[in-house]
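# Summary of the model geometry
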Amino acid sequence: MKNVLSLITIFLFTIFQSQELKNFIIPKGYEKILEVKGDLDKDGKEENVVVFNTNIQTKSEGVERKFYILKNIGGILKIWKENSSVILPKEIGFSPESNPLPEITIKKGILIITQSFSTNSRHTQTYKHTYRYQNGDFYLIGSLQNFDDTCEFNMYDEINFSTGKAIVDQKYYSCFPEDKTAPAEDFHKEFNYKLKKLIKMNNFKPGENSIKIPNSDKYLQY
């Protein structure tokens, strides 16, 4: 009897969801650059995550990129989630033509987005953000950022918003053999930081957030 009720519940939920979600049609002028599949709500069915270069110009960073999370309901792709803030624009950075495409993976229901770009001829910025579907929406649950110089420094920040564990690790190097000292002292700090409320995916943009590191004048970036 329980199995029958479970099947009826799933059937009714699928019908309701198919009526609520809009059919997905590729917007005119959009160029698909990436597509991956994976189960994000642990219902046993894979969702499609598709990233596009749009025809929308940002104020300062060129072409906006947008991604969709699509559900396949009865053979029809429907929009479950649409976002234009967490994928960085196409022309960001010093040499945008050399920037790698975003990398998206889905592991155990977790959506992981990794992005890198050059800020000048020596510096590379990398962001890795993880999102989880819970309480009816997608939330940021983890962040890793690495700001690397080819010679002088490497700055690493990581935080798990679910556990509150945070790590900051900054290393400095002398660029030339004749330099006797590095430009700054190495810095390493592990601490706990809990958000009062997790950040929804649609309220988040990489690189525009920071946390004051306890007992220092430094910040963790995410």
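Higher on the page you've got the structure.
Below is a short write-up of the structure. Because the structure is predicted, anything quoted here is derived from the model rather than measured.

Calculation criteria
Sequence order as written defines the numbering, with residues in each chain counted from 1. In keeping with the predicted nature of the model, local features appear solely for residues at pLDDT of at least 70, side-chain atom pairs appear and are counted solely at 80 or more, and the whole-chain, interface and lining totals rest on all residues. Excluding hydrogens and water, the side-chain figures rest on all heavy atoms present in the structure. Centres within 6.5 Å make a pair out of two Phe, Tyr or Trp rings, where for Trp the six-membered ring is used; the pair is then stacked when the planes are under 30 degrees apart, edge-to-face when over 60, and tilted otherwise. Helix and strand definitions here come from DSSP, where helices need a minimum of 4 consecutive H or I residues and strands a minimum of 2 consecutive E residues; each element is numbered from the N-terminal end. Accessible area is worked out with a 1.4 Å probe on protein chains only. A residue is then buried under 20% of its type maximum, exposed over 50%, and partly exposed in between. Remark: a charge is flagged as sitting over a ring if the NZ atom of Lys or the CZ atom of Arg is within 6 Å of the ring centre and within 35 degrees of the ring normal. Take a side-chain nitrogen of Lys or Arg and a carboxyl oxygen of Asp or Glu: if they are within 4 Å of each other, that pair is a salt bridge.

Bringing the packing of aromatic side chains into the picture now. We describe a pair of aromatic rings using the distance from one ring centre to the other and the angle between the two ring planes. Applying the stated criterion to the full structure yields 12 aromatic pairs. A ring pair is formed by Trp80 and Phe138, whose centres lie 5.1 Å apart and whose planes are at 70°; its orientation type is edge-to-face. A residue pair is termed long-range when its members are at least 10 positions apart, and Trp80 in strand β5 (residues 76-83) and Phe138 in strand β9 (residues 137-149) qualify at 58 residues. For the pair Trp80 and Phe138, a shared accessibility class is recorded, and that class is buried. Seen from their ring centres, Phe147 and Phe153 are 5.3 Å apart, and the 45° between their planes marks the pair as tilted. Judged on exposure class, the residue Phe147 and its partner Phe153 are both buried. Among the aromatic residues, ring-to-ring pairing joins Phe24, Tyr30, Phe52 and Tyr68 into one connected group. Between the NZ or CZ atom of Lys71 and the centre of the ring of Trp80, over which it lies, the distance is 4.4 Å. Taking the ring centre of Phe187 as reference, the NZ or CZ of Lys218 above it sits at 5.3 Å.

What follows covers the pattern of salt bridges. Under the defined criterion, the tally for this structure stands at 11 salt bridges. The closest approach of N and O atoms between Lys200 and Asp137, which form a salt bridge, is 3.8 Å. Of this pair, Lys200 sits in the loop between β12 (187-192) and β13 (210-212) while Asp137 sits in strand β9, and the two are 63 residues apart along the sequence. Since its relative accessible area comes to 15%, Asp137 is described here as buried. Through salt bridges with shared partners, a single ionic network connects Asp41, Asp43, Glu47 and Lys71.

So far we have only geometry, and geometry alone does not tell us how the molecule works.
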